[in-house]
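The residues making up each chain are set out below.
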Amino acid sequence: MDDWKKFILYGIGFIFLVFGLAAIANTLLHLDAGLAPILWFSYIGLIVLAIGCFRRDGSLIASQLCILAIPYIVWNIDFFTYLFSGSSVWKTADYIFTSGALFGRIISLQHIFNIPLSLFALYLTGLARKDFWKISISEVVILFFASRLFTDPMQNVNCVYHNCATFDLGIWYPLQWFLAYAVMIGITSFVLIKAFRLNSHK
């Protein structure tokens, strides 16, 4: 890999790492809410994406895109809809305008640049294998049970207790949750494999 590509990847990884560590620090500064927020896919994803950039590992980067891409697209639609109209479609980003400490809301802005930077990082690393979805599935299963076991329903970390948006499929919620992630991971992995053509730029 060319030096300039490595430099850019390290830069992107540094951005992810800074926001990931800031999210963890923010959690530690507000221990009255417990350590539950550390389990959010968003926070763990930032750290894993940073590692993927530093290691130039396209599979790690792609695995996080499979988990985050579609929810982040929904979040961005809500964010910009609320920003320009004062109301949103699915209410997933309303909190950033209405409540919470400033530092936490600044950290949440990573939703805006995360996916574009991740896609660019994946373009630089290339994608050498197509089974990266196994990492996504493993992470989703582990964090579902961790979130149910160690967090409060009021916090609803990773939306494991009830839907974070305003729509519902009308079936048993844990099944709905896993079906949603299976579909999102399947769609995103298919798109990434087709888009990056299973090549590596390492």
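Let me sum up the structure you'll find in this document.

What counts as what
Residues numbered from 1 in each chain as written. Predicted model: local features only at pLDDT ≥ 70, side-chain atom pairs only at ≥ 80, totals over all residues. Heavy atoms only, no water. Helix = DSSP H or I, 4+ residues; strand = E, 2+ residues; numbered from the N terminus. Rg over C-alpha atoms; globule rule 2.2 N^0.38 Å. Buried < 20%, exposed > 50% of the residue type's maximum accessible area, 1.4 Å probe, protein only. Contact = heavy atoms within 4.5 Å. Areas by Shrake-Rupley, 256 points an atom, 1.4 Å probe, with all protein chains shown as cover. Lys, Arg positive; Asp, Glu negative; His and termini not counted. Charge placed at Lys NZ, Arg CZ, Asp CG, Glu CD. Disulfide = S-S within 2.5 Å. Polar contact = N/O pair within 3.5 Å; in protein donor to acceptor, adjacent residues only side chain to side chain. Patch = residues over 30% accessible without salt bridge, like charges linked within 9 Å, V, L, I, M, F, W, Y side chains within 5 Å. Salt bridge = Lys/Arg side-chain N within 4 Å of Asp/Glu carboxyl O. Core = buried A, V, L, I, M, F, W, Y, C linked by side-chain atoms within 4.5 Å. Phe/Tyr/Trp six-rings, centres within 6.5 Å; stacked < 30°, edge-to-face > 60°.

1. Points about the overall build of the protein chain
Reasoning step 1: Tallying secondary structure elements over the protein chain gives eight helices and zero strands in all.
Reasoning step 2: For 202 residues, the compact-globule estimate of 2.2 N^0.38 gives 17 Å, and the protein chain sits close to it at 17 Å.
Reasoning step 3: Expressed along its principal axes, the backbone C-alpha trace of the protein chain runs to roughly 45 × 35 × 35 Å.
Reasoning step 4: Counting every position in the protein chain, which comprises 202 residues, the buried fraction comes to 44%.
Reasoning step 5: When contacts within the protein chain are restricted to residue pairs at least 6 apart in sequence, those whose partners lie at least 24 apart make up 71%.
Reasoning step 6: With the model as given, the accessible surface of the protein chain reaches about 10,500 Å², and the carbon-plus-sulfur share is 71%.
Reasoning step 7: For the protein chain, the distance from the average position of its 13 positive side-chain charges to the average position of its 10 negative side-chain charges is 11 Å.

2. Concerning the state of the cysteines
Reasoning step 1: Here the structure, examined in full by the defined rule, presents one disulfide.
Reasoning step 2: One disulfide in the model links C159 with C164; its S-S distance is 1.7 Å. A torsion of -110 degrees about the S-S bond marks the disulfide between C159 and C164 as left-handed.
Reasoning step 3: C164 sits in the partly exposed class, given a relative accessible area of 31%.
Reasoning step 4: In this structure C53 is not part of a disulfide, and its nearest cysteine sulfur, from C66, lies 15 Å away.
Reasoning step 5: Exposure remark for C53: the relative accessible area of 0% places this residue in the buried category.
Reasoning step 6: C66 gets classed as buried once you look at its relative accessible area, which sits at 0%.

3. Structural notes on the side chain of N156
Reasoning step 1: Position of N156 among the secondary structure elements: in the loop between α7 (133-150) and α8 (173-196).
Reasoning step 2: Look at N156 and you get buried, because its relative accessible area is 5%.
Reasoning step 3: Separated by 3.0 Å, the side chain of N156 and the backbone nitrogen of Y161 make a polar contact.

4. So, a nonpolar patch on the surface
Reasoning step 1: On the surface, W133, I137, V141, F145, L149 and F150 cluster together to form a nonpolar patch covering roughly 620 Å² of accessible area.
Reasoning step 2: Examined against the element boundaries, I137 turns out to sit in helix α7.
Reasoning step 3: On the basis of relative accessible area, I137 is assigned to the partly exposed category, the value being 34%.

5. Details of the nonpolar core
Reasoning step 1: Ranked by size, the top nonpolar core spans 39 residues in total, and within it F41, L122, W177 and L192 carry the most contacts.
Reasoning step 2: Mapped by element, the contributors of at least two residues to this core are α1 (3-29), α2 (41-55), α3 (58-85), α6 (110-125), α7 and α8.
Reasoning step 3: Top contributing element to this core by residue count: α3, with eight residues.
Reasoning step 4: Excluding residues that lie within four positions of it along the chain, W177 makes contacts with F41, V140, F144, N158, C159 and V160.

6. Re the packing of aromatic side chains
Reasoning step 1: Applying the stated criterion across every chain yields a total of 15 aromatic pairs.
Reasoning step 2: Considering the side-chain rings of F41 and Y181, the 5.3 Å spacing of their centres and the 50 degrees angle between planes classify their relative orientation as tilted. Of the two residues, F41 sits in helix α2 while Y181 sits in helix α8, which places them 140 residues apart along the sequence.
Reasoning step 3: When the centroid spacing of 4.7 Å and the interplanar angle of 50 degrees are considered together, the rings of F144 and W177 count as tilted. Note that F144 is positioned in helix α7 and W177 in helix α8, a separation of 33 residues in sequence.
Reasoning step 4: Using a relative accessible area of 4% as the deciding quantity, one classes W177 as buried.

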